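Structure assessment
What follows is each chain in one-letter form.
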Number of protein chains: 2
Amino acid sequence: MKIERVLEENICECPAGLECSIEKTLEVLDGKWMFLIIRDLFDGVKRFGELKKSLEGISPKTLSVRLKELEAKGVVLRTAYPTVPPTVEYTLTEKGNSLKPIIIAMKLWGAKWG
Amino acid sequence: MKIERVLEENICECPAGLECSIEKTLEVLDGKWMFLIIRDLFDGVKRFGELKKSLEGISPKTLSVRLKELEAKGVVLRTAYPTVPPTVEYTLTEKGNSLKPIIIAMKLWGAKWG
DNA sequence: AAAAGTAGTTACATAAAAGTTACCATTGAA
DNA sequence: TTCAATGGTAACTTTTATGTAACTACTTTT
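Since we're looking at a predicted model, the values are computed, not measured.

Turning our eyes to something else, we now look at the protein's contact with DNA strand C. Lining the immediate surroundings of DNA strand C are 21 residues, of which Lys61 of chain A together with Ser64, Lys68, Arg78 and Tyr90 of chain B lie closest. Sugar plus phosphate: this is where 68% of the atoms of DNA strand C within 4 Å of the protein reside. Between DNA strand C and Gly57 of chain A, the relevant distance is 3.1 Å, taken from a phosphate oxygen to a main-chain nitrogen or oxygen of the residue. Val88 of chain B has a polar backbone atom sitting 3.1 Å from a phosphate oxygen of DNA strand C. Taken together, the elements giving at least two residues each to the surface near DNA strand C come down to helix H5 (60-72) of chain A together with helix H4 (48-54), helix H5 (60-72) and strand E3 (87-92) of chain B. In terms of residues, the surface near DNA strand C owes the most to one element, H5 of chain B, which gives four residues. Here the residues of the surface near DNA strand C sort into nine nonpolar, six polar and six charged.

Below, the discussion takes up the packing of helix H3 (residues 32-41) of chain A against helix H2 (residues 21-28) of chain B. For the pair H3 of chain A and H2 of chain B, interaxial distance at closest approach is 11 Å and the crossing angle is 165°. Relative to H2 of chain B, the element H3 of chain A lies roughly antiparallel. Once H3 of chain A is placed against H2 of chain B, the crossing between them reads as right-handed. Along the contact surface, H3 of chain A presents Lys32, Phe35, Leu36 and Arg39 of chain A, while H2 of chain B presents Ile22, Glu23 and Leu26 of chain B. Residue composition of the contact of H3 of chain A with H2 of chain B, grouped by class: four nonpolar, no polar and three charged.

Turning next to the relation of the copies chain B and chain A. Relative to chain A, chain B is turned by 180° and slid 0.0 Å along the rotation axis, the superposed coordinates differing by an RMSD of 0.0 Å. The transformation relating the two chain copies, once decomposed into turn and shift, fits a two-fold axis. Here 100% of the contact residues of chain B are again contact residues in chain A; the copies associate through an equivalent surface.

It is worth spelling out the sheet that holds strand E3 (residues 87-92) of chain A at this point. Residues and elements named next belong to chain A. Taken in spatial order, the three strands make up an open sheet running E1-E3-E2, and their pairing is antiparallel. Lying at the two open borders of the sheet, with one neighbouring strand each, are strand E1 (46-47) and strand E2 (76-81). As defined by bridge partners, E2 adjoins E3 across six bridges and the pair is classed as antiparallel. Of the residues in E3, the one forming a bridge with Thr79 is Glu89. Relative to the sheet, H3 contacts E1, E2 and E3, its axis offset from that of E3 by approximately 100°.

Position of Lys95 of chain A relative to the elements: it lies in helix H6 (residues 94-97). For the buried Lys95 of chain A, which has no salt bridge, the nearest side chain bearing the opposite charge is Glu27 of chain A, at an N-O separation of 9.0 Å. Within the structure, Lys95 of chain A has its side chain in polar contact with the backbone oxygen of Lys73 of chain A (distance 2.9 Å). Not counting chain neighbours up to four residues away, the residues in contact with Lys95 of chain A comprise Lys73, Gly74 and Val75 of chain A together with Trp109 and Trp113 of chain B.

Taken together, the contact pairs 41 residues of chain B with 41 residues of chain A. Buried area between chain B and chain A, summed over both chains or domains, comes out near 4,300 Å², and the portion from carbon and sulfur atoms is 76%. With a shortest N-O distance of 3.2 Å, Arg39 of chain A and Glu23 of chain B are connected by a salt bridge. The tally of links from chain B across to chain A stands at 14 residue pairs in polar contact (both at pLDDT 80 or more).

Attention shifts here to the sheet that holds strand E1 (residues 46-47) of chain B. Residue and element names in this part refer to chain B. Here three strands make up an open sheet; going across it, the order is E1-E3-E2 and the pairing antiparallel. At either margin of the open sheet sits one strand with a lone partner, and together these are E1 and strand E2 (76-81). Bridging between E1 and E3 involves two bridges; their strand directions are antiparallel. Note on E3: the bridge partner recorded for Arg47 is Glu89. On the sheet, helix H3 (residues 32-41) packs against E1, E2 and E3 and is oriented at approximately 100° with respect to E3.

Scoring rules and cut-offs
- Residues numbered from 1 in each chain as written.
- Chains lettered and ligands numbered in written order.
- Predicted model: local features only at pLDDT ≥ 70, side-chain atom pairs only at ≥ 80, totals over all residues.
- Heavy atoms only, no water.
- Near = heavy atom within 4 Å.
- Polar contact = N/O pair within 3.5 Å; in protein donor to acceptor, adjacent residues only side chain to side chain.
- Helix = DSSP H or I, 4+ residues; strand = E, 2+ residues; numbered from the N terminus.
- Nonpolar A, V, L, I, M, F, W, Y, C, P; charged D, E, K, R; others polar.
- Axes fitted to C-alpha atoms, helices over the stretch in contact; angles between N-to-C directions.
- Parallel < 35°, antiparallel > 145°, perpendicular 65-115°, else oblique.
- Left-handed = near helix turned anticlockwise from the far one by under 90°.
- Contact = heavy atoms within 4.5 Å.
- Least-squares fit on C-alpha atoms with pLDDT ≥ 70 in both.
- Pairing = 2+ DSSP bridges.
- Buried < 20%, exposed > 50% of the residue type's maximum accessible area, 1.4 Å probe, protein only.
- Lys, Arg positive; Asp, Glu negative; His and termini not counted.
- Salt bridge = Lys/Arg side-chain N within 4 Å of Asp/Glu carboxyl O.
- Buried area = accessible area lost by both parts, 1.4 Å probe.

Following this line, the structure appears as structure tokens:
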């Protein structure tokens, strides 16, 4: 569906008896850390420690839990290399990459109104 | 800034020492109810009771608190009429309306991947 | 006289998300 | 032999968000 088309439509129009598609998106993007982790991954491949450093204030526990959720939802791909000490890389999957318009729109809004 | 331009840029690029603009957006859009309330208001003017009905599961307390936050942030306009019983209408301000691209992007993503 | 209707508020309880601190395994380097 | 480095985990506490149930004010309708 073209975005121009959607812009003309009723934003609330949802298939009868079905969950609204915004709510489905919110199941993945639930909470600020999800947005920020994904934003960081648009920068390219990242390791656990890199994410932890750039996401100021996140605890290792929260980062670990959130990354697992994103992996389980097919948004993030985790690749572990058997080095010592261990090397683990996180990247966005195709599904994760397709979140870009949302992140871009939020970035633009924040720049203008935030 | 044109969206095509932004799409080419590094999504993480933030002014040095300054808060990232996505984080500023997240100060307004914090939590699922914010997204859903705003989505409903794109449908047009709404009264408290209407919002409460369409936002399935929201408690009057949460709706009240969230609407006040949105009003304080300049996203929502509250208009009370001195009728009996009272009539109160909620609408999006210009700032609130400008959130549309975010909501649209989320709706499209949810429809495709959710 | 009591009920209905709107837009909430209040006090209390619960659940979910997040933070804190300490800790583990492995192995090459100092 | 002890330290550093990576990518976490475990137990516990705190914070934040949300829900529940009852209640308010005011006036018209039954």
